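Observations on the model geometry
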Amino acid sequence: MKILIVSDTHRVHKYFDKMLEIEESADLLIHLGDVEGGEYYIEQTAGCPVHMVAGNNDWFTQLPKEKEIRIGNKKALITHGHYYHVSSGYDHIVQE
């Protein structure tokens, strides 16, 4: 299974598009926030199922702050990271 994980596209899609061009195809795309209104574009362009969460710059979004997803028989918590203060270390998010 090929999973692409991206973050902080900030509605500048040229780098997102380039990444899709380079990678050609994926089974799943995970976007970890700071979409800034580009949700529809990303979902329509990805060519695979997409999971997205809100980032610290996604003020006017319906995206969840975090989401638990299944990848095969594994569970994963996806979040932007700032809710768990990851810039200061990973203790809070590891505990979660």
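As a reminder, the structure under discussion sits directly above these lines.
Attention here is on the structure that accompanies the text. A quick note: this is a predicted structure, and the numbers were derived from the prediction, not measured. (Residues numbered from 1 in each chain as written. Predicted model: local features only at pLDDT ≥ 70, side-chain atom pairs only at ≥ 80, totals over all residues. Heavy atoms only, no water.)

Our next topic: the sheet that holds strand 1 (residues 3-6). The strand order across the open sheet built from 3 strands is 1-2-3, with neighbouring strands paired in parallel fashion. Of all the strands in the sheet, just strand 1 and strand 3 (50-52) have a single pairing partner and so form its edges. Taken pair by pair, the neighbouring strands of this sheet meet at an average axis angle of 15°, ignoring direction. Relative to strand 2 (residues 28-31), strand 1 runs parallel, the two being bridged by 4 bridges. Paired with Ile-5 across the bridge in strand 2 is Ile-30. Most of the contacts of helix 1 (residues 13-23) go to strand 1, to which it runs at about 160°, and overall it touches strand 1 and strand 2. Strand contacts of helix 2 (residues 39-46): strand 2 and strand 3, with the helix running at about 155° to strand 3, the strand carrying the most contacts. (Pairing = 2+ DSSP bridges. Helix = DSSP H or I, 4+ residues; strand = E, 2+ residues; numbered from the N terminus. Axes fitted to C-alpha atoms, helices over the stretch in contact; angles between N-to-C directions. Contact = heavy atoms within 4.5 Å.)

With that out of the way, let us pick up the pairing of strand 2. The two faces of strand 2 match: Leu-28 and Ile-30 on one face and Leu-29 and His-31 on the other face are all buried. Considered for its hand, the β-α-β crossover made up of strand 1, helix 1 and strand 2 is right-handed. Pairing of strand 2 with strand 3 involves 3 bridges; the strand directions are parallel. Bridge pairing links His-31 to Met-52 in strand 3. Viewed along the sheet, the connection from strand 2 through helix 2 into strand 3 turns out right-handed. (Buried < 20%, exposed > 50% of the residue type's maximum accessible area, 1.4 Å probe, protein only. Right-handed = clockwise from strand over helix to strand, strands pointing away.)

Before going further, it helps to examine the environment of Met-1. The topology assignment puts Met-1 in the segment before strand 1. Owing to a relative accessible area of 71%, Met-1 belongs among the exposed residues under this scheme. With 26 residues separating them in the primary sequence, Met-1 and Asp-27 have C-alpha atoms 6.0 Å apart. When sequence neighbours within four positions are dropped, the list of residues in contact with Met-1 reads Asp-27 and Ile-71.

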